[in-house]
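Letter by letter, the chains look like this.
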Amino acid sequence: MELLYPANQIKTISKIINSSSRYLILCCPFWWQNDGNYQHIKANYMLLSEVLVPIVRASNRGVFVVLICHSKFRISLNEIFKEEISHNNLFVYSSDNFHCKLYLNESQAVVTSKNFS
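Criteria and cut-off values
- Residues numbered from 1 in each chain as written.
- Predicted model: local features only at pLDDT ≥ 70, side-chain atom pairs only at ≥ 80, totals over all residues.
- Heavy atoms only, no water.
- Helix = DSSP H or I, 4+ residues; strand = E, 2+ residues; numbered from the N terminus.
- Buried < 20%, exposed > 50% of the residue type's maximum accessible area, 1.4 Å probe, protein only.
- Polar contact = N/O pair within 3.5 Å; in protein donor to acceptor, adjacent residues only side chain to side chain.
- Contact = heavy atoms within 4.5 Å.
- Pairing = 2+ DSSP bridges.
- Axes fitted to C-alpha atoms, helices over the stretch in contact; angles between N-to-C directions.
- Salt bridge = Lys/Arg side-chain N within 4 Å of Asp/Glu carboxyl O.
- Arc of directions from axis to C-beta.
- Core = buried A, V, L, I, M, F, W, Y, C linked by side-chain atoms within 4.5 Å.

**Some remarks on the side chain of asparagine 105**
- Along the chain, the position of asparagine 105 falls in strand S4 (residues 102–105).
- Overall, asparagine 105 belongs to the buried group, its relative accessible area being 3%.
- Polar contacts involving the side chain of asparagine 105 include one to the main-chain carbonyl oxygen of isoleucine 16, which spans 2.9 Å.
- Looking at asparagine 105, its side chain comes within polar contact range of the main-chain nitrogen of glutamine 108, at 2.8 Å.
- Excluding residues that lie within four positions of it along the chain, asparagine 105 makes contacts with Ile16, Ser19, Ser20 and Tyr23.

Put into structure tokens, the structure is as follows:
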């Protein structure tokens, strides 16, 4: 087990995404800070370059990808990943009843919230 500083979490999550070979599960209720609206996210270079683009690459190399989010992010994530969803390489699920943040592939996992819900 390794303790991560909050500033290093996105880099570690990016490594999990980039090193996935069979499956990738990202359970994160809140994906960005503007109420789920994707219009402003293009200005967030780190989220795009470290998370969203690598998810597309993982899906394109045949990794089974599951994203779990709060319902207000589902429409935007469906739009971002519509091509991957149409090829059945990526699935977006939503629930408003969880708080857990869990990122995992076949060999690594990061839990960034200790809350169980």
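**Quick notes on the sheet that holds strand S3 (residues 90–94)**
- On the basis of which strands lie adjacent, the open sheet formed by 5 strands has the order S3-S2-S1-S4-S5 and mixed pairing. On the outer flanks of this sheet lie S3 and strand S5 (109–111), each paired with one strand and no other. Neighbour-to-neighbour, the strand axes of this sheet turn through a mean angle of 5 degrees, independent of strand direction.
- In the sheet, strand S2 (residues 64–69) pairs with S3 via 5 bridges, with the strands oriented parallel. Bridging across to S3, valine 65 finds its partner in leucine 90.

**A word on the pattern of salt bridges**
- In total, this model carries 2 salt bridges according to the counting rule given.
- The shortest N-O distance in the salt bridge between lysine 82 and glutamate 79 comes to 2.9 Å.
- Residue glutamate 79 is classed as partly exposed on the basis of its relative accessible area, which comes to 42%.

**A closer look at the pairing of strand S1 (residues 23–27)**
- Two elements, S1 and S2, share 5 bridges in a ladder whose sense is parallel. Bridging from a neighbouring strand, leucine 24 pairs with valine 65 of S2.
- Alignment of S1 against S4, held across 4 bridges, turns out to be antiparallel. The partner of leucine 24 across the bridge, within S4, is asparagine 105.

**Some words on helix H3 (residues 71–80)**
- Inspection of H3 places Phe73, Ser76, Leu77 and Ile80 among the buried residues, and these make up the whole buried set. When H3 is viewed along its axis, its buried side chains cluster within an angular range of 100 degrees and face the same direction.

**As for the nonpolar core**
- Core analysis: the largest hydrophobic core is formed by 26 residues, its most contacted members being Trp31, Ile55, Leu67 and Leu77.
- With 6 residues, the top contributor of residues to this core is helix H2 (residues 45–60).
- When near neighbours in sequence (up to four residues on either side) are disregarded, tryptophan 31 contacts Leu26, Leu47, Val51, Leu52, Ile55, Leu67, Ile68, Cys69, Phe73 and Leu77.

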